[in-house]
Amino acid sequence: MNTNNLSTEKGILSYDCKVPAGFPSPAMDYMQERIDLNKEFIKHPLSTFIIESSGYSMINAFIPPKARLIVDRSLTPKNGDIVLAVLNGEFTVKFLKKNIHKCWLVPANSKFKEIEITEEMDMQIWGVVTNIITNVNDVKSCMR
Amino acid sequence: MDCNNFYVSCERLFNPKLEGRPVIVLSNNDGCAVSRSDEAKVLGIEMATPAFMAREIIEKNNVAVFSSNYTLYGDISDRVMKTLGSFVPRLEIYSIDEAFLDMHDLDYTDLLELGLQIKKAVKKNVGIPVCVGIAPTKTLAKMANRYAKKHRKSIGVHWAANEHLIKEMLSVTEVGDVWGIGRQYALFLKRNGFNTALELVSAPEEFIRKNMTVVGQRLFNELKGIPAIAWEFKQPAKKNICTSKSFGKLQTKKEEIAEAVSNYAAACALKLRDQNSCCRSIVVFLQTNLHRTQDKQYSRSINMDLPTPTNFTGEMITYALKGFDIIFKDGYKYLKCGVMALDIVPDQKIQASLFDKLDRKKNKTVMEVMDKVNKSLGKEIVRLSTQGFQKRYRLKTEYLSSHFTTDMNQILKVKI
């Protein structure tokens, strides 16, 4: 067995078998690299972290009650970004709303209140959420 | 570049509540404090204080205590180093939290600005606070880093840009705090009237020639701004490999210690394969706890030369267990065992032994498959049965945080 065929390049373990050649494939000259989700969703691997969120405060921003979020620390948080923030020592995920005077953490669910950041509060942006990963089975169990 | 209280900073990154609170990280087996937050330093918890001795301070001041989470620290360290790598053409990783960056060929005229950018990038992108010291030699750069930590706390960067600044830095650094000067040597220098690094640099040539070894002279040059310590951009292959740990609690049973020996032999074999080398001999050792004077003491090691150099897990375990069988004696309470791989050679340069019964080619393939499977599916998914599964002898890691960045089941959980 030639172990070089045991490919783990994309984080997926697969055993590619060699198919004996018949006619040369007409697709040969058109081959491209298979899609790599890491490359698509993680632009800055060194500053990217994955977290698991739970709760309903961002449901209208399409973050379901259980989700995995890709968070990039290297991005500069802008008005309207979904951010992972640290508010008085606690992590939370909210929309960031800001103007030159003030700054808010805004939920995407009318049952939750938006939080105005005042001077007494200690608030830091840990990173910017870039993608939401949902397992369909988690969604199904919420619908029941 | 030197990370500030690196292990504590890693813990704080995923647990922001620890900000402002005294935090310590304990060594392997939850023994001594090996990383302390500034708040813990103020409380007087010294480096390498055994945790049980500091218990009163810990309880009274609500100090947060962690076991060392090397899986996490290793990944964060890798992120820090690679982030640094984007700033300079070459860097030398000196330890898990220190690196030398070669700034020689850069076009920057203001290295202080570069230092600030580096510090800012590591803090923002990876989340770890660091200090940067910039100077003409490694020894002076280490000193500049220390200077930044002590005297330029708010900026965290110091550039010893000219003779005047170097002199000032040397004058506030005691000889004992110079990189490469040990305690004994510092005492000797002080006895001879050299208290600060500046006084040492101004020492008469005569004294240096008479009293310093080659290493000492190299250091003397470095302090004068003449580079004398070579760069090591590629980590050299290790000359010998040792895996040994204290048991979580004292062990008496032969089977359980044998399991530990098997695992350490397997770990050595993996390290050998990782650097494409084989070993020609194996040492197995075993010892009781010397500090427990009430116990009978025993310690022994055995060195075995192998007929053919190897890095195969199975073969290494076989020999290690043979050795263990010879040195093990019933009736003692064992603290520690270990396996060393010595006399390391590159794996292509192996001369087969005439009486070799092992199919080495086949074994090599098996090892390659095993390593690949383990690397993609999880550490030690495939292993030999003697390695066991329970690891009853395992280290104490009572206060271990999660593997936030390497295990999907342990990622940071946030209630939103």
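Model, not experiment: these values are computed from the prediction. Residue numbers restart at each chain and count upward from 1, following the sequence in its written direction. Chains carry letters from A onward and ligands carry numbers from 1 onward, assigned in written order. The predicted origin of the model limits local features to residues at a pLDDT of at least 70 and limits the giving and counting of side-chain atom pairs to 80 or more, whereas totals for whole chains, interfaces and linings rest on all residues. Side-chain numbers here rest on the full set of heavy atoms in the structure, without hydrogens or water.

What about the interface of chain B and chain A?
One frequent convention defines the size of an interface as the accessible area lost when the parts assemble. Should any heavy atoms of two residues lie within 4.5 Å, those residues are considered in contact. Residue-level contacts link 28 residues of chain B with 35 residues of chain A. A simple way to read buried area is as the amount of 1.4 Å-probe accessible surface that goes missing from two parts once joined, with both sides added. Regarding the contact of chain B and chain A, the summed buried area is about 2700 Å², with carbon and sulfur atoms giving 63% of it. A side-chain nitrogen of Lys or Arg and a carboxyl oxygen of Asp or Glu constitute a salt bridge if their distance falls within 4 Å. Our enumeration of links across chain B and chain A arrives at one salt bridge. Measuring nitrogen to oxygen at the nearest pair gives 2.8 Å for the salt bridge that ties E90 of chain A to K17 of chain B. Here a polar contact is taken to be a pair of N or O atoms separated by no more than 3.5 Å, where protein atoms must pair a possible hydrogen donor with a possible acceptor and residues adjacent in sequence count only if both atoms sit in side chains. Our count for the chain B to chain A interface comes out at 13 residue pairs in polar contact (both at pLDDT 80 or more). Going through the elements one at a time, α4 (70-85), α5 (111-126), α14 (360-377) and β13 (412-415) of chain B are the ones with two or more residues in the side of chain B that touches chain A. Think of it this way: any DSSP run of H or I at least four residues long counts as a helix, any run of E at least two long counts as a strand, and we number them from the N terminus. By residue number, the principal contributor to the side of chain B that touches chain A is α14 of chain B, which donates seven residues. Across four bridges, strand β3 (residues 48-54) of chain A lies against β13 of chain B in parallel orientation. Bridge pairing in β13 of chain B links S54 of chain A to K415 of chain B. The pairing criterion for strands is at least two bridges between them, as found by DSSP.

Regarding the confidence of the model for chain A
Detailed reading of predicted coordinates is not advised where the pLDDT is low. Scored from 0 to 100, pLDDT records how confident the predictor is in each individual residue. Summarising the model, chain A shows a mean pLDDT of 87, and 85% of its residues fall at 70 or more. This stretch, residues 1-13 of chain A, has a pLDDT under 50; its non-local contacts, to residues over four places away or in other chains, come to 31 contacts.

So, the packing of helix α6 (residues 138-151) of chain B against helix α7 (residues 163-171) of chain B
Residues and elements named next belong to chain B. As a packed pair, α6 and α7 sit with axes 10 Å apart at the nearest point and diverge in direction by 70 degrees. With respect to α7, the element α6 is oriented roughly perpendicular. Facing α6, whose interface residues are L140, M143, A144 and Y147, α7 presents I166, E168, M169 and L170. Gly is placed with the polar residues, together with every amino acid not listed as nonpolar (Ala, Val, Leu, Ile, Met, Phe, Trp, Tyr, Cys and Pro) or charged (Asp, Glu, Lys and Arg). Of the residues contributing to the contact of α6 with α7, the split by class is seven nonpolar, no polar and one charged. Only the contacting stretch of a helix is used when fitting its axis, a line to C-alpha atoms as for every element, and angles between N-to-C directions run 0 to 180 degrees. Every angle not falling under 35 degrees, over 145, or within 65 to 115 is termed oblique; those three ranges are roughly parallel, roughly antiparallel and roughly perpendicular.

A word on unusual backbone geometry
Most peptide bonds take the trans form, and the phi angle of most residues other than glycine is negative. All names here are of chain B. Here the phi dihedral of N62 falls at roughly 55 degrees; this positive angle occurs in a residue that is not glycine. You can see N62 is positioned in the loop between α3 (55-60) and β4 (64-67). With a phi angle near 55 degrees, D343 is a residue other than glycine that sits in the positive phi range. With respect to the element layout, D343 can be found in strand β12 (residues 334-346). Overall, the relative accessible area of 41% leaves D343 in the partly exposed class. Each residue is placed in one exposure class: buried if its accessible area under a 1.4 Å probe, protein chains only, is under 20% of its type's maximum, exposed if it is over 50%, and partly exposed if it falls in between.

So, the packing of helix α12 (residues 254-274) of chain B against α14 of chain B
To describe two helices that pack against each other, one gives the angle between their axes and the distance between the axes. All names here are of chain B. Close contact between α12 and α14 brings their axes to 12 Å; oriented N to C, the two are set at 95 degrees. Taken together, α12 and α14 sit at an angle that is classed as roughly perpendicular. Between α12 and α14, the contacting residues are L270, R273 and D274 on the first element and M367, M370, D371 and K375 on the second.

A word on the packing of aromatic side chains
Ring pairs shown here join Phe, Tyr and Trp side chains whose ring centres sit within 6.5 Å, with only the six-membered ring taken for Trp; geometry is labelled stacked below 30 degrees between planes, edge-to-face above 60, and tilted in between. What the rule picks out here adds up to 21 aromatic pairs over all chains. Seen in terms of ring centroids, F100 of chain B and W179 of chain B are 5.4 Å apart; in terms of plane orientation they differ by 50 degrees. Their pairing is tilted. A residue pair is termed long-range when its members are at least 10 positions apart, and F100 of chain B in strand β6 (residues 98-102) and W179 of chain B in the loop between α7 and α8 (183-191) qualify at 79 residues. For W179 of chain B, a relative accessible area of 23% puts it in the partly exposed group. When the centroid spacing of 5.4 Å and the interplanar angle of 40 degrees are considered together, the rings of F328 of chain B and Y334 of chain B count as tilted. Note on F328 of chain B: relative accessible area 9%, which makes it buried. Here, a charge over a ring is recorded when the distance from Lys NZ or Arg CZ to the ring centre is within 6 Å and its angle to the ring normal is within 35 degrees. In this structure, R73 of chain A packs its charged tip against the face of W126 of chain A, placed 4.8 Å from the ring centre. Its guanidinium or amino end placed over the ring of Y332 of chain B, K296 of chain B lies 4.9 Å from that ring's centre, counting from NZ or CZ.

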